[in-house]
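Tertiary structure, described
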Amino acid sequence: KALCAAGIVAGLLAFFWKDPFNPVSLSGARVLLTGASAGIGEQMAYHYARFGAEIVLTARREAVLQKVRTSLVPHVQTFAMCECASIHPTLNIVPWGLDYLVLNHIGVTHFQMWVGDVEYTRWLMQVNFFSYVALATAALPTLEKNKGSLVVVSSLTGKVPTPFTTSYSATKFALDGFFSSLRHELIMQKRNVSITLCILGLIDTDSALENTRGKVYLTASPAPEAALAIIQGGATRVQEVFYPWWLKHVCCLWVLFPNDGGQVLRSYYNYSGP
Ligand code: NDP
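Summary of the structure given here. Please read all numbers here as calculations on a predicted model, not as lab measurements.

By nearness alone, 31 residues border the ligand, and Ser 37, Arg 60, Glu 83, Tyr 168 and Ile 203 come closest of all. Here a nitrogen atom of the ligand sits 3.1 Å away from a polar atom, N or O, in the main chain of Ile 106. A distance of 2.8 Å separates an oxygen atom of the ligand from a polar backbone atom of Ile 203. The protein chains hide 93% of the 880 Å² of surface that the ligand would expose on its own. Of all the elements in the fold, those that place two or more residues in the shell around the ligand are helix H2 (39–50), helix H5 (118–145), strand S5 (149–155), helix H6 (166–188) and helix H7 (206–212). The element best represented in the shell around the ligand is S5, accounting for 3 residues. Partitioning the shell around the ligand into residue classes produces 16 nonpolar, 11 polar and 4 charged.

Backbone hydrogen bonds hold the strands of a sheet together, and the pairing may be parallel or antiparallel. A sheet is described by the order of its strands in space; here 7 strands give the open sequence S3-S2-S1-S4-S5-S6-S7, paired in parallel fashion. Single-partner strands in this sheet number two, and they are strand S3 (76–80) and strand S7 (240–243). Adjacent strand axes in the sheet meet at a mean angle of 15° when their direction is disregarded. Set on the sheet, H5 makes contact with strand S1 (30–34), strand S4 (100–103) and S5; between it and S4 the angle comes to about 170°. Along the sheet face, helix H9 (residues 247–256) touches strand S6 (194–200) and S7 and points at about 105° away from the line of S7.

A few words now on the packing of aromatic side chains. Applying the stated criterion to the full structure yields 9 aromatic pairs. Considering the side-chain rings of Phe 111 and Tyr 269, the 6.5 Å spacing of their centres and the 25° angle between planes classify their relative orientation as stacked. Here the residue Phe 111 occupies a position in the loop between S4 and H5, and Tyr 269 occupies one in the segment after helix H10 (258–266), the gap between them amounting to 158 residues. Comparing Phe 111 with Tyr 269 shows no difference in burial state: the two are buried. A network of ring pairs unites the aromatic residues Phe 129, Phe 130, Phe 178 and Phe 179 as a single cluster. A cation over a ring is seen here: Arg 50 above Phe 51, with NZ or CZ 4.9 Å from the ring centre.

Further remarks concern the environment of Ile 195. In this fold, Ile 195 is placed in strand S6. The buried category is assigned to Ile 195, whose relative accessible area is 2%. Ignoring any residue separated from it by four or fewer positions in sequence, one finds Ile 195 in contact with Leu 150, Phe 179, Leu 182, Arg 183, Leu 186, Val 238 and Gln 239.

Overall, the coordinates contain 5 salt bridges when judged by the stated rule. In this structure, the salt-bridge partner of Arg 191 is Glu 144, at a minimum N-O distance of 3.0 Å. Here the residue Arg 191 occupies a position in the loop between H6 and S6, and Glu 144 occupies one in helix H5, the gap between them amounting to 47 residues. Arg 191 gets classed as partly exposed once you look at its relative accessible area, which sits at 26%. Lys 159 is the partner of Asp 176 in a salt bridge, and the nearest nitrogen-oxygen pair spans 2.9 Å. On the criterion of sequence distance, the pair formed by Asp 176 in helix H6 and Lys 159 in the loop between S5 and H6 is long-range, its members being 17 residues apart. The exposure class of Asp 176 is buried, given its relative accessible area of 14%. Taking relative accessible area as the criterion, Lys 159 reaches 23% and is therefore assigned partly exposed.

Calculation notes
- Residues numbered from 1 in each chain as written.
- Predicted model: local features only at pLDDT ≥ 70, side-chain atom pairs only at ≥ 80, totals over all residues.
- Heavy atoms only, no water.
- Near = heavy atom within 4 Å.
- Polar contact = N/O pair within 3.5 Å; in protein donor to acceptor, adjacent residues only side chain to side chain.
- Areas by Shrake-Rupley, 256 points an atom, 1.4 Å probe, with all protein chains shown as cover.
- Helix = DSSP H or I, 4+ residues; strand = E, 2+ residues; numbered from the N terminus.
- Nonpolar A, V, L, I, M, F, W, Y, C, P; charged D, E, K, R; others polar.
- Pairing = 2+ DSSP bridges.
- Axes fitted to C-alpha atoms, helices over the stretch in contact; angles between N-to-C directions.
- Contact = heavy atoms within 4.5 Å.
- Phe/Tyr/Trp six-rings, centres within 6.5 Å; stacked < 30°, edge-to-face > 60°.
- Buried < 20%, exposed > 50% of the residue type's maximum accessible area, 1.4 Å probe, protein only.
- Lys NZ or Arg CZ within 6 Å of the ring centre and 35° of its normal.
- Salt bridge = Lys/Arg side-chain N within 4 Å of Asp/Glu carboxyl O.

Right, here's the structure in full:
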């Protein structure tokens, strides 16, 4: 009787307590990851390798990519991307088959007041937005064949506008608009490709810390944790990942109270200009 009761309890627990992320599902998964030479992308490369995925890494600096590669287990290839992150170098590997396309790279970001540099905004749009659209478009047929996932790394500033991020914020809002609309269309057409948009707060990568030093009163979250949250979100095919988790509430509050929210938000930024 005791054994039977224990069995029932174990069965009920298994039914109600489901951990949706199963790392085993990533073993042998074919992943193309952009912006993998540093920061969150580099950390994602380490996680994917640990889970046994077959990864292709891209970034511009080949030598730095090679360094990441040599600290990983086998199954890793690297490809250099050109400055404007155009699809040509990476296109060739897509026909080999792909389960995950993780779009993570960004162009050099200026964390400052708008100074009227329209050309920079145009260039950043190319790197942070158009190249994502082009890579996703090239990969969609193979992702569909493999019931794969498209993972797009965005930012809080792609949901809620923040100071010092005019051009960057525009590229991230564009990603939300494009890929959230595309998600609707894929569902309507019953095409089995998931799209996960990742909304991140300040993360302690070298570039982000350098950019924001002395300009924000915010604590940065750890890059390895952010990387894992992105990977889990892609693997479980959720529509949106918020890291840290409470950013979801920030976004909801922003929608409900945009004016008060804006005032609170500005208090986290240090403006000591003229
Ligand atoms: P990093 O600056 O640390 O890394 C950027 C990566 O992109 C590098 O691998 C870099 O490699 C590559 N890259 C840079 N320029 C280009 C280019 N022109 N073409 C192709 N690749 C390029 O960024 P993070 O790790 O901080 O950010 C990763 C993602 O997370 C981004 O999408 C970012 O918007 C998002 N995010 C980050 C936050 C943070 O606080 N760190 C906050 C919110 C969102 P290489 O120079 O070799 O090309």
